[in-house]
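# Fold and geometry: a report
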Amino acid sequence: MTAPLTGFSRLAPPRSWLRAHPTAFDAGLAAAVLVCMVVASFADPHGPHGPTFGTRTPELRSLLLMAAAAGALVFRRSRPVSVLAVTGAVSVAELVAGDPPAPVAMSAVIALYTVASRTDRPTTWRVGLLTMTVLTGSAMLFGSAPWYSQENLGIFAWTGMAAAAGDAVRSRRAFVDAIRERAERAERTRDEEARRRVAEERLRIARDLHDVVAHHIALVNVQAGVAAHVMDKRPDQAKEALSHVREASRSALDELRATVGLLRQSGDPEAPTEPAPGLAVLDPLLDGFRRAGLPVELARTDQDTELPAAVDLAAYRIVQEALTNVRKHAGAAAKAEVSVVRVGRTVEVTVLDDGCPAGSVRRGPDGDGGADGAPAGGHGLIGMRERVTALGGTLTAGPRYGGGFRVQAILPVKAGAEGDEDV
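Summary of the structure given here. None of these values were measured; they are calculated from a predicted model.

### Focus on the environment of G331
- Looking at the element boundaries, G331 is found in the loop between helix 10 (309-329) and strand 4 (336-343).
- Looking at G331, the relative accessible area reads 38%, which means it is partly exposed.
- Taking the C-alpha atoms as reference, G331 lies 9.4 Å from D354; in sequence the two are 23 residues apart.

### Some points on helix 4 (residues 80-97)
- Spanning 18 residues, helix 4 covers 26 Å between terminal C-alpha atoms, matching the ideal 26 Å at 1.5 Å per step.
- Along helix 4, the residues that are buried comprise P80, V83, L84, T87, G88, V90, S91, E94 and L95. Relative to the axis of helix 4, the buried residues are bounded by an arc of 165° and lie together on one face.

### Details of the nonpolar core
- The biggest cluster of nonpolar side chains holds 36 residues, and the ones touching the most others in it are V296, V319 and L323.
- Counting only elements with at least two residues in this core, the list comes to helix 9 (282-291), helix 10, strand 4, strand 5 (346-353), helix 11 (380-390) and strand 7 (405-412).
- Sort the elements by how many residues they give to this core and helix 10 lands first, with ten residues.
- Leaving out residues up to four positions away in the same chain, L323 has contacts with L286, F289, L294, V296, A336, V338 and V351.
- With 21 residues, the next largest nonpolar core counts A30, V33, A162 and A163 among its residues.

### A closer look at the pairing of strand 7
- Judged by how many residues are buried, strand 7 sits mostly within the fold: six of eight residues are covered.
- Sheet topology note: the strand 5/strand 7 ladder contains eight bridges and is antiparallel. When the sheet's bridge partners are listed, V351 is paired in strand 7 with V407.
- In terms of strand pairing, strand 6 (residues 394-399) meets strand 7 through six bridges, oriented antiparallel. Pairing of T396 across the sheet is with Q408, part of strand 7.
- In this structure, the hairpin formed by strand 6 and strand 7 is closed by a connection of five residues, where G402 is found at a positive phi of approximately 90°.

### Quick look at the sheet that holds strand 4
- Taken in spatial order, the five strands make up an open sheet running 3-4-5-7-6, and their pairing is mixed. At either end of the open sheet lies a strand with only one pairing partner, and these are strand 3 (296-300) and strand 6. Going from strand to strand, the sheet's axes swing by 10° on average, the running direction of each strand aside.
- The pairing of strand 3 with strand 4 spans five bridges and is parallel. Note that in strand 4 the partner of A299 across the bridge is S339.

### Concerning helix 10
- Between its first and last C-alpha, helix 10 extends 30 Å over 21 residues, near the 30 Å set by a 1.5 Å rise per residue.
- The buried count for helix 10 comes to 17 of 21 residues, which makes it a mostly enclosed element.
- Positive backbone phi, approximately 105°, marks G331, located one or two places after helix 10.

### As for a nonpolar patch on the surface
- The grouping of L60, L63 and L64 at the surface amounts to a nonpolar patch, some 300 Å² of accessible area in total.
- Its place among the elements puts L60 in helix 3 (residues 60-72).
- Note on L60: relative accessible area 61%, which makes it exposed.

The rules behind the values
- Residues numbered from 1 in each chain as written.
- Predicted model: local features only at pLDDT ≥ 70, side-chain atom pairs only at ≥ 80, totals over all residues.
- Heavy atoms only, no water.
- Helix = DSSP H or I, 4+ residues; strand = E, 2+ residues; numbered from the N terminus.
- Buried < 20%, exposed > 50% of the residue type's maximum accessible area, 1.4 Å probe, protein only.
- Expected span 1.5 Å × (residues − 1).
- Arc of directions from axis to C-beta.
- Core = buried A, V, L, I, M, F, W, Y, C linked by side-chain atoms within 4.5 Å.
- Contact = heavy atoms within 4.5 Å.
- Pairing = 2+ DSSP bridges.
- Axes fitted to C-alpha atoms, helices over the stretch in contact; angles between N-to-C directions.
- Patch = residues over 30% accessible without salt bridge, like charges linked within 9 Å, V, L, I, M, F, W, Y side chains within 5 Å.
- Areas by Shrake-Rupley, 256 points an atom, 1.4 Å probe, with all protein chains shown as cover.
- Salt bridge = Lys/Arg side-chain N within 4 Å of Asp/Glu carboxyl O.

In structure tokens form, the structure reads like this:
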């Protein structure tokens, strides 16, 4: 059952139509002003017993001037100053020639209001004072009534009120427009901030996916190669290698599921609730590399340090990615050293290896390999540097003197951006 329409609801469609057709509204206003002027011209303010109606008939000249002034009001929006000049001139002509004059000045009052509402305040002051002076002065100088009569003072008062009302409407319109613009700007800013956060979140997820896939696929590749090599002669060792392949693939699936779970919507199945990896599980990570044939030594002095989630995850991923690169590019006889040291308000994570001696194959500038320093298209070092930079830290990576490679990240104990702790 529909609710009854209120007064404002009933007026909404006509008001919308009038806003869409301003010329029609101005034509109606001009007709209404013409009717008011003609009706008022039959009134005699100086009757024997006060103002009387019907004892006076307007002359043809006055009717023509009233029609001309009312017709000019149809164009008041497009040419406000010109319409004021026309209505003002017609009003002065009636004040000079008419005795008593017809109320043609009513059209000049409407025109002055339009000028004040559609121009600036200095223009309103100048044009308003000029209109008040010319109309009031003409009425006082050429009228038969005393200069202080109420008709003359009425012209002065009505022109002043028209200018003041128009200026008030213009000020309110400017205020509303400023509020609307501010709201639209705030809405655009919120949209841009939302898009920026989405892009940052996608970048974080892409880094995680790269680290997870590169690390575990490298381990699976190594263990599968070992299994294929010893399958015929040492089946027990091949079985152990395949067991490591299974563990690495299961771990990769778990981490992929946890990472991709960040992309799920509210109506999707529940995402895994396992915490993101960190330095607390660094030993199992190194054990995985040792089982893959990479000797790794660990030195750390950060056991009593509580790191933000983003810093903890970044440190873990840096060690994981750096050791993965060692396993892929440093050679079968390479050894690695990992150190995690708390220094003041920072944590230093360093990964060293002794592979790739001088003059042999070197890793490219992206950290993922290439002969003679040529990049091989990977993004390991780029991803590490983006992680560290996002947290306000620094990353250095490059060949060591005498051979090998060195990766060092200096991370602040407090993350540089609160939003990164959501990773």
